[in-house]
Amino acid sequence: MKTAFLRKSYDEVVAMPRAPHKKPKRPNIFFRTLIRVLSAKDLIPLNFSIVKKDLEKAGKGPYLILMNHSCFLDLEIASAIFYPMAYGIVATSDGFVGKDWLMRQIGCIPTQKFVSDLTLVRDIDYMLKRKKTSVLMYPEAGYSLDGRATILPRKMGGLLKLLKVPVLSVHVDGAFLRTPLYNELKNRKVPVSAEVTCLLTPEQIRDKSVEELDAILDEAFTFDHFKWQKENDIRITEPYRANGLERLLYKCPHCQAEGRMRGEGEHLTCHACGKVWRMTELGEMEAVEGETEISHIPAWFDWERECVRREIEDGTYALEADVEIGMLVNHKAIYLVGDGHLSHTKEGFWLTGCDGKLEYTQKPRASYTVNSDYYFYERGDIISIGNRDCLYYCFIKGNTPVAKARLATEELFKLSVPESRRKQ
C-alpha cells in the first residue's frame, strides 16, 4: 500500500490548517459493490470460508461490528462477509492521505491510533442512530505484532452501553500468518477463515457492568495464531518465512544481545554470539545447534516483555534512535520535515529535531500503548506519537527495535496508572 509523502519545512507544516471534521457518510450500493468486486480476486487464493453463529439473536441491526486486525486484507474480508449490507468503517487517519474523498465514499471514519478521540464516539453514534448504518471497528487499532491481540483499550464496555446496539464479533484465522507485518507483506499460502458471532445483545449490554463487558471483549480477543497454526497442521513452506523476524524477536535469549538478530530465509541468526534458529514449517523456533531456549514465538515475545519490565524497574531502560520525522496534520500528505532524535525512558517520549525547532514530549500515562509499525507504507519501521493536533511518524535509522518501544510503553503505562484507575 502506498501513500503520499511530501518534503516541507517544519515551519510550513506547523502553519498549515488542520483537517476539518466532516460527518461520516453512509456508503451507497455502488461503492459497496465496487469494493466487493475488486476484493473478490484477492480472496480466491485464500480458500476463504465463513461460519456464522447465533446471528438471529442480533436482530436487524444496525450493529457494532468488532473484528480482529490481522493484515491489509481485513477490509476485503469484511466485504465478503457482510455485502451488500451498508456499514461505516473506523480507519486510521493516515489511510485518508491523498484519498480523503474515496475513503469517505466507502464509509470510512478517520481517527488517530491510540489517541483519545471523543469525536470518534460521536461519529459512531451518528452513523448508528441517525444514519441507521452499522459500524465496523477494529478495537485493537493496530495490527498484531506477535499473532496475538494488541491490548484493548479499557472502558470499551462503556462505549457499548452508550451505543446500545447489538455487537457482532468477527474472528479471522489465517490472515495474520498469510501476510505477517514483520515479513514485509510477502504472501504465503495459508487458508483464511472467519467466524461471525452475535457477541452481545442490547439486553445483555444493559444488564452487565462495564467491567463485565470488558471481560467479555477480552475473551473474544484472546487468540494465538501461531498456536492455531500448529494445532491445525498449517505448514508454511515458503523459503522466506523468517525474513524480517528480527523485528519481533529482537533480543537473543542465548547471549541477551539486542539489535543483532537477523531473519533471512528460514533462519534467525544472532550476529553477536552466532547462534542460529530455524523457523519450522509449523511456525516454531528450533536451535540449529544446542538448546532451544524458547520455541513458541509469542512466548519469546513475552520473555522480551519481561526483560523490558525489569529494565524499567531497575532504572536502566532507555531507547535512543536517530529518526527521519514525518508529520500528519491533514489528509493531503505525510510531510517529511527533517531529521531528529527520539528518546524513550521512564519519563516517556522526547522527540527533538528540525534544527532545534521541534520538541515534543509524551508522558507514560498519555496512552496505554504506542503505534509501533513495521515497513510503514513500504518506507520503513516507525514509532508514531502525538495527539489530535499532530502525529509524528519517527522513521527509525539503524537497528533500534520498534517492538521494544511498544512493550515499554505498555509496561510504563501500567506502572504510571494504577490498575484500579485503568478500569474506571
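Given the structure is predicted, the values throughout are model-derived calculations rather than measurements.

Its 15 residues place the ends of helix 12 (residues 402–416) 21 Å apart at the C-alpha level, agreeing with the 21 Å of an ideal helix rising 1.5 Å per residue. The buried fraction of helix 12 is high, at 12 of 15 residues. For helix 12, the complete set of buried residues consists of Val402, Ala403, Lys404, Ala405, Arg406, Leu407, Ala408, Thr409, Glu410, Glu411, Leu412 and Phe413.

This brings us to the packing of helix 5 (residues 118–130) against helix 6 (residues 156–163). When two helices pack together, their arrangement is given by the angle between their axes and by how far apart the axes lie. It is the contact of helix 5 with helix 6, at a shortest axis distance of 11 Å, that shows an interaxial angle of 35 degrees. You can see that helix 5 and helix 6 cross each other, and the crossing is right-handed. Seen from helix 5, the contacting residues are Val121, Ile124, Asp125, Leu128 and Lys129; seen from helix 6, they are Leu159, Leu162 and Leu163. Per-class residue counts for the contact of helix 5 with helix 6 are six nonpolar, no polar and two charged.

Two elements in contact, helix 6 and helix 9 (residues 210–220), have axes separated by 7 Å at closest approach and are oriented at 110 degrees. Here helix 9 runs roughly perpendicular to helix 6, going by the angle between their axes. Contacts from Met156, Gly157, Gly158, Leu160 and Lys161 in helix 6 reach Val210, Leu213, Asp214 and Leu217 in helix 9. Considering only residue class, the contact of helix 6 with helix 9 consists of five nonpolar, two polar and two charged.

Next up on the list: unusual backbone geometry. What is expected of a backbone is that most residues other than glycine have negative phi and most peptide bonds are trans. Here Gly61 and Pro62 are connected by a cis peptide whose omega angle stands at 10 degrees. The topology assignment puts Pro62 in the loop between strand 2 (49–53) and strand 3 (64–67). The amide bond that connects Tyr83 to the next residue, Pro84, takes the cis arrangement and shows omega of 10 degrees. Mapped onto the elements of the fold, Pro84 is located in the loop between helix 3 (74–82) and strand 4 (87–92). Although it is not a glycine, Lys132 adopts a positive phi angle of roughly 55 degrees. With respect to the secondary-structure elements, Lys132 resides in the loop between helix 5 and strand 6 (134–137). A relative accessible area of 58% places Lys132 in the exposed class.

Here we come to the packing of aromatic side chains. Overall, the coordinates contain 10 aromatic pairs when judged by the stated rule. Their ring planes at 20 degrees and their centres at 5.0 Å tell us that Phe376 and Tyr393 sit as a pair that is stacked. In this pair, Phe376 sits in strand 17 (residues 371–376) while Tyr393 sits in strand 19 (residues 391–396), placing the two residues 17 residues apart along the sequence. You'll find Phe376 and Tyr393 in the same group, each marked buried. Look at Phe376 and Phe395: their rings are 6.1 Å apart centre to centre, the planes differ by 55 degrees, and that puts the pair in the tilted class.

Time to look at a nonpolar patch on the surface. Residues Phe30, Leu34 and Leu38 make up a contiguous nonpolar surface patch of about 300 Å² in total accessible area. Structurally, Phe30 is set in helix 2 (residues 29–43).

All right, on to the sheet that holds strand 12 (residues 285–287) then. Either a parallel or an antiparallel arrangement is found when strands of a sheet pair, and the pairing is made through backbone hydrogen bonds. If you trace the four strands from one edge of the open sheet to the other, you get 9-10-11-12, paired in antiparallel fashion. Whereas interior strands pair on both sides, the edge strands pair on one side only; in this sheet they are strand 9 (261–264) and strand 12. Taken pair by pair, the neighbouring strands of this sheet meet at an average axis angle of 25 degrees, ignoring direction. Both strand 10 (residues 267–270) and strand 11 (residues 276–279) contribute to a ladder of three bridges, which runs antiparallel. Looking at strand 11, one finds that Leu268 is bridged to Trp277.

Conventions adopted
Residues numbered from 1 in each chain as written. Predicted model: local features only at pLDDT ≥ 70, side-chain atom pairs only at ≥ 80, totals over all residues. Heavy atoms only, no water. Helix = DSSP H or I, 4+ residues; strand = E, 2+ residues; numbered from the N terminus. Expected span 1.5 Å × (residues − 1). Buried < 20%, exposed > 50% of the residue type's maximum accessible area, 1.4 Å probe, protein only. Axes fitted to C-alpha atoms, helices over the stretch in contact; angles between N-to-C directions. Left-handed = near helix turned anticlockwise from the far one by under 90°. Contact = heavy atoms within 4.5 Å. Nonpolar A, V, L, I, M, F, W, Y, C, P; charged D, E, K, R; others polar. Parallel < 35°, antiparallel > 145°, perpendicular 65-115°, else oblique. Phe/Tyr/Trp six-rings, centres within 6.5 Å; stacked < 30°, edge-to-face > 60°. Patch = residues over 30% accessible without salt bridge, like charges linked within 9 Å, V, L, I, M, F, W, Y side chains within 5 Å. Areas by Shrake-Rupley, 256 points an atom, 1.4 Å probe, with all protein chains shown as cover. Salt bridge = Lys/Arg side-chain N within 4 Å of Asp/Glu carboxyl O. Pairing = 2+ DSSP bridges.

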